[in-house]
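Given next are the chains, with one letter for each unit.
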Amino acid sequence: MLCLLPLFFSIPTISADNSFPSTFHVTFQGHRSSSEPYPDGTIPTLWVRFLNGTDCFPETLRFTFSMEESPEGEYTAKFMLTFDDYYDEVSLPATVSNGRVYIDSTPTIFIVNPTSLIDGNTIQLYQTENLTLSGTVLMEGRPTTLINDYRVTSKVVRTFYEQDNSSEQILPAPYLFFDPRTGVLTHASVRLNDVLLNKLGVMFIVDGIYDLLDYSENLNFTLEGASPSIGVVILISVFVIVFILVVSISYKALKKKKREKRKTYSNKPLKIPFSSKYSVRCLYGL
């Protein structure tokens, strides 16, 4: 079930300068990309690296990105991150230009211009003084969500990092998925870098899959039902087999009951009109 927007929010509209509503939110839940234990038996976790060099290793985490436009046309971007006992959020002024949202002149990966989501097109997603995240638009995809097992129609972007300081190690770049109509992020995997994470003191989050958990109804994402799993198919097959067996047994029982009934009738003396041979043949043919 989708969360309702707070009552103090204004009625959302789509600005002429961008393709996303003036007020909306998206929430994601992240989990480890693999559930297989490590050789030492420890359970795989996510890796959260903070700007101060400390690390955390939660099993799951959740984050929410939201935008709000004031009556004066000023935007506020909000970001919330929570895992284990950790919780932090930030609310910052944002600027919107060419379908992108900027925090202190740095674009966030949570929104891209949907007109740039053309197969084969290369787009820039994130940039700092020494690190740039760009991506190539591949195709249309349907990543998983945590909303009743639905999938969400998206454009797939395979990203890659470029850096000025080649001595720094760059971890694998993420795959990002965006709604083709609004350009809002719908799914992510592998690694997250973003200006909003940096505002919370987080450098990156690594080795996760981030499924859509909740979103504003005014985003109008296209959700599609997932194909039945093997378990569902087996369950349906078992139901059909049981149904056929029940019908078959019932039919045989009914047929046996009719035969016994006919046998009972046949033991009774019958007054047969010998004047009609056709009648005799019909009675004994039952």
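The rules behind the values
Residue numbering note: each chain is counted from 1, following its sequence as written. Only residues with pLDDT of at least 70 get local features here, since the model is predicted, and only at 80 or more are side-chain atom pairs given and counted; chain-wide, interface and lining totals rely on the full set of residues. Hydrogens and water molecules were not included; the side-chain quantities draw on all heavy atoms of the structure. Secondary structure counts use DSSP, requiring at least four H or I residues in a row for a helix and at least two E residues in a row for a strand, with both numbered from the N terminus. Burial classes follow relative accessibility: with a 1.4 Å probe on protein chains only, a residue under 20% of its type's maximum area counts as buried, one over 50% as exposed, and anything between as partly exposed. It only takes one pair of heavy atoms within 4.5 Å for two residues to be counted as in contact. For the area figures, the Shrake-Rupley method with a 1.4 Å probe applies, and any residue is considered shielded solely by the protein chains shown. Each residue carries a pLDDT value, the predictor's own confidence for that position, ranging from 0 to 100. Here a salt bridge means any side-chain nitrogen of Lys or Arg lying within 4 Å of a carboxyl oxygen belonging to Asp or Glu.

**Q** What exactly am I supposed to notice about the overall build of the protein here?
**A** A tally of regular secondary structure across the protein gives three helices and 16 strands. For the protein, buried positions account for 39% of its 286 residues. Partitioning the contacts of the protein with sequence separation of at least 6, the portion at a separation of at least 24 is 53%. Summing over all exposed atoms, the protein offers an accessible surface of approximately 17100 Å²; the carbon and sulfur share of this is 57%.

**Q** How should the side chain of Thr 136 be read in this particular structure?
**A** As for its position among the elements, Thr 136 is in strand E10 (residues 131-141). Thr 136 has contacts with Gly 120, Asn 121, Thr 122, Val 156, Val 157, Arg 158 and Phe 160, leaving out every residue within four places of it along the chain.

**Q** Before we go on, may I ask you to explain unusual backbone geometry in this structure?
**A** Not every positive phi belongs to a glycine, and Asp 149 is a case in point at roughly 65°. If you check the backbone angles, Asn 220 has positive phi at about 55° while not being a glycine. For Asn 220, the position within the fold is in the loop between strand E15 (202-215) and strand E16 (223-225).

**Q** Just to check I follow, could you spell out the confidence of the model for the protein for this structure?
**A** Caution applies to low-pLDDT parts of the model: their predicted coordinates are not meant to be read in detail. Taken as a whole, the protein shows an average pLDDT of 79; of its residues, 70% reach a score of 70 or greater. Contacts from residues 228-248, a stretch scored under 50 in pLDDT, to residues over four places away or in other chains number one contact.

**Q** I tried to follow the pattern of salt bridges on my own but got confused; where do I start?
**A** If the charged atoms of two oppositely charged side chains come close together, the side chains can form a pair. In the structure shown here, the tally under the stated rule is seven salt bridges. Residues Arg 32 and Asp 207 are paired through a salt bridge, measuring 3.0 Å at the closest nitrogen-oxygen approach. Here Arg 32, found in strand E1 (residues 24-32), pairs with Asp 207, found in strand E15; they are 175 residues apart in sequence, far enough to count as distant. Note that Arg 142 is salt-bridged to Glu 140, the shortest N-O span being 3.1 Å. Three or more residues are tied together by salt bridges with common partners; here these are Glu 140, Arg 142 and Glu 224.

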